[in-house]
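Residues per chain, in single letters:
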Amino acid sequence: MTSGKTEEFTAHRPRMFGLAYRLLGSAEEAEDAVQDAYLRWSNADRAAIEHPWAWLAKVVTNLCVNRLTSARVQRERYVGPWLPEPVFTQDGSLGPMESAEQRDAVSAALLVLLERLTPTERAVYVLREAFGYRHRDIAGVLDLSEANCRQMYRRAVQRVATPEARFTPTSHRQHELVESFVMAAREGDLTGLEKLLAEDITWWSDGGGKVTAARRPIVGREKVLRFLWGSAQRYAGGWALAAAEVNGAPSLVAHVADRLIAVVSFEVRDGVIAQARVVVNPDKLAFAGRQFTAMASAA
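Keep in mind that this is a model prediction, so the values were computed, not measured.

**Some points on the overall build of the protein**
Moving on, step 1. Helix and strand counts for the protein come out as 12 helices and 6 strands.
Moving on, step 2. Over its C-alpha trace the protein gives a radius of gyration of 20 Å, about what one expects of a compact globule, namely 19 Å for 299 residues.
Moving on, step 3. The proportion of buried residues among the 299 residues of the protein is 47%.
Moving on, step 4. In the protein, 67% of the contacts between residues at least 6 apart in sequence involve partners at least 24 apart.

**Here's the deal with helix α2 (residues 27-43)**
Moving on, step 1. When the terminal C-alpha atoms of α2 are compared, their 25 Å separation across 17 residues agrees well with the 24 Å that a helix rising 1.5 Å per residue should span.
Moving on, step 2. Buried residues of α2: A27, A30, A33, V34, A37 and W41, and no others. On an axial view of α2, the arc spanned by its buried residues comes to 110°, and they lie on one face.
Moving on, step 3. With a side-chain oxygen positioned 3.1 Å from the backbone nitrogen of E29, the residue opening α2 is S26.

**Overview of the pairing of strand β5 (residues 259-269)**
Moving on, step 1. The element β5 is largely enclosed, with a buried count of 9 among its 11 residues.
Moving on, step 2. Where strand β4 (residues 249-256) and β5 come together, 6 bridges link them in antiparallel fashion. The residue of β5 that forms the bridge with S251 is S265.
Moving on, step 3. In sequence, β4 turns back onto β5 through a hairpin of 2 residues, with A257 there showing a positive phi of about 55°.
Moving on, step 4. Examined bridge by bridge, β5 and strand β6 (residues 272-279) share 7 bridges and lie antiparallel to one another. When the sheet's bridge partners are listed, R269 is paired in β6 with V272.
Moving on, step 5. Here β5 folds back onto β6 in antiparallel fashion, the turn holding 2 residues, of which D270 has a positive phi close to 55°.

**Describing the packing of α2 against helix α3 (residues 52-76)**
Moving on, step 1. At a minimum axis distance of 9 Å, the contact between α2 and α3 shows a crossing angle of 135°. The angle between the axes of α2 and α3 places the two elements in the oblique class. Judged by the sense of rotation from one axis to the other, the crossing of α2 with α3 is right-handed. Across the interface between the two elements, E29, D32, A33, D36, A37, R40 and W41 from α2 touch P52, W55, L56, V59, V60, L63, C64, R67 and R75 from α3.
Moving on, step 2. A per-class count over the contact of α2 with α3 returns 10 nonpolar, no polar and 6 charged.

**So, the environment of D200**
Moving on, step 1. With respect to the secondary-structure elements, D200 resides in strand β1 (residues 197-206).
Moving on, step 2. The exposure class assigned to D200 is partly exposed, which follows from its relative accessible area of 46%.
Moving on, step 3. Sequence-wise, D200 and P52 are 148 residues apart; in three dimensions their C-alpha atoms are separated by 48 Å.
Moving on, step 4. Those residues in contact with D200 that lie beyond four places of it in its chain are V219, G220, R269 and A274.

**A word on unusual backbone geometry**
Trans peptide bonds make up most of the peptide bonds, and negative phi angles are found at most residues other than glycine.
Moving on, step 1. Despite not being glycine, D143 shows a phi value in the positive range, around 55°.
Moving on, step 2. Checked against the element boundaries, D143 lands in the loop between α7 (135-142) and α8 (146-160).
Moving on, step 3. Overall, D143 belongs to the exposed group, its relative accessible area being 58%.
Moving on, step 4. A positive phi angle, near 55°, is found at A257, a position not held by glycine.

**Re the packing of aromatic side chains**
Moving on, step 1. By the definition in use, this model includes 11 aromatic pairs.
Moving on, step 2. Their ring planes at 75° and their centres at 5.0 Å tell us that F9 and Y38 sit as a pair that is edge-to-face. Within this pair, whereas F9 is found in helix α1 (residues 3-24), its partner Y38 is found in helix α2, the two being separated by 29 residues in sequence.
Moving on, step 3. Classification of F9 by relative accessible area gives buried; the value is 0%.
Moving on, step 4. Here F17 and Y21 contribute two aromatic rings whose centre-to-centre distance is 6.4 Å and whose plane-to-plane angle is 20°, an arrangement assigned as stacked. On the criterion of helical spacing, the pair formed by F17 and Y21 is a turn pair, its members being 4 residues apart in helix α1. For the pair F17 and Y21, one class covers both residues: buried.
Moving on, step 5. Here a set of aromatic residues connected by ring pairs shows up, and it is made of F9, Y38, W41 and W55.
Moving on, step 6. Taking NZ or CZ as reference, K5 lies 5.9 Å from the ring centre of W41, over its face.

How each quantity is defined
- Residues numbered from 1 in each chain as written.
- Predicted model: local features only at pLDDT ≥ 70, side-chain atom pairs only at ≥ 80, totals over all residues.
- Heavy atoms only, no water.
- Helix = DSSP H or I, 4+ residues; strand = E, 2+ residues; numbered from the N terminus.
- Rg over C-alpha atoms; globule rule 2.2 N^0.38 Å.
- Buried < 20%, exposed > 50% of the residue type's maximum accessible area, 1.4 Å probe, protein only.
- Contact = heavy atoms within 4.5 Å.
- Expected span 1.5 Å × (residues − 1).
- Arc of directions from axis to C-beta.
- Polar contact = N/O pair within 3.5 Å; in protein donor to acceptor, adjacent residues only side chain to side chain.
- Pairing = 2+ DSSP bridges.
- Axes fitted to C-alpha atoms, helices over the stretch in contact; angles between N-to-C directions.
- Parallel < 35°, antiparallel > 145°, perpendicular 65-115°, else oblique.
- Left-handed = near helix turned anticlockwise from the far one by under 90°.
- Nonpolar A, V, L, I, M, F, W, Y, C, P; charged D, E, K, R; others polar.
- Phe/Tyr/Trp six-rings, centres within 6.5 Å; stacked < 30°, edge-to-face > 60°.
- Lys NZ or Arg CZ within 6 Å of the ring centre and 35° of its normal.

Pasting the structure below:
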């Protein structure tokens, strides 16, 4: 491949990765999809490609739709709750996070809801919501009719809807809640933690059968506090806790030196934590772990 062709692909790589990650919920698989797109790009006749980004977006989207089709069977067999892979976003890995809408588009909460959709519905939703594609353009990407795309989009919006507002924009209060949670967890302050949790909080743990983790959601403040106390007893003195921006929102990270151990994403409702999603599966922490090591080295 000529250097010019390589440079052109590289210029579009971040946007391709952002698209693939939103479609797959997996940073590792998103990197693989981008690499597969590179192989197709390298063998394509550049002179025949009028609009490089449009061409690459179509290739990446269809690669991801194919991956999602096979992934559905794997996720049905997954041990315990399935959660998306976390990605640190302060370095711009998933694009700008300047607005609430941009942060919501990559939140763990939304990525979990997108699992309700078929692969094609998910592609329609992501292209429309996150990338602002017109239905006519989406139809061209997926080789569908415009009317079909409109119908799929309406169905997707209905399927990811929830009775209450799904997300709370990142705010000073959210940062305060996460910082307070980190401080109370460090000190083993159960009273302090209790004040931060909604009475009906749900705590999800994704260990994938690779490490010890709750295989069912833990529901209710008292049960979650008992779980946190038990976890603190097991790992006291071994883990360091810190706040960081993950998937566009303040989150908690646990690490030993520069090795990432866990990432906890929070969903805030009415000023308290209503949902917590913790990823401890080491396979799912591989991408974020490389990010974390790089950030630690740069600090």
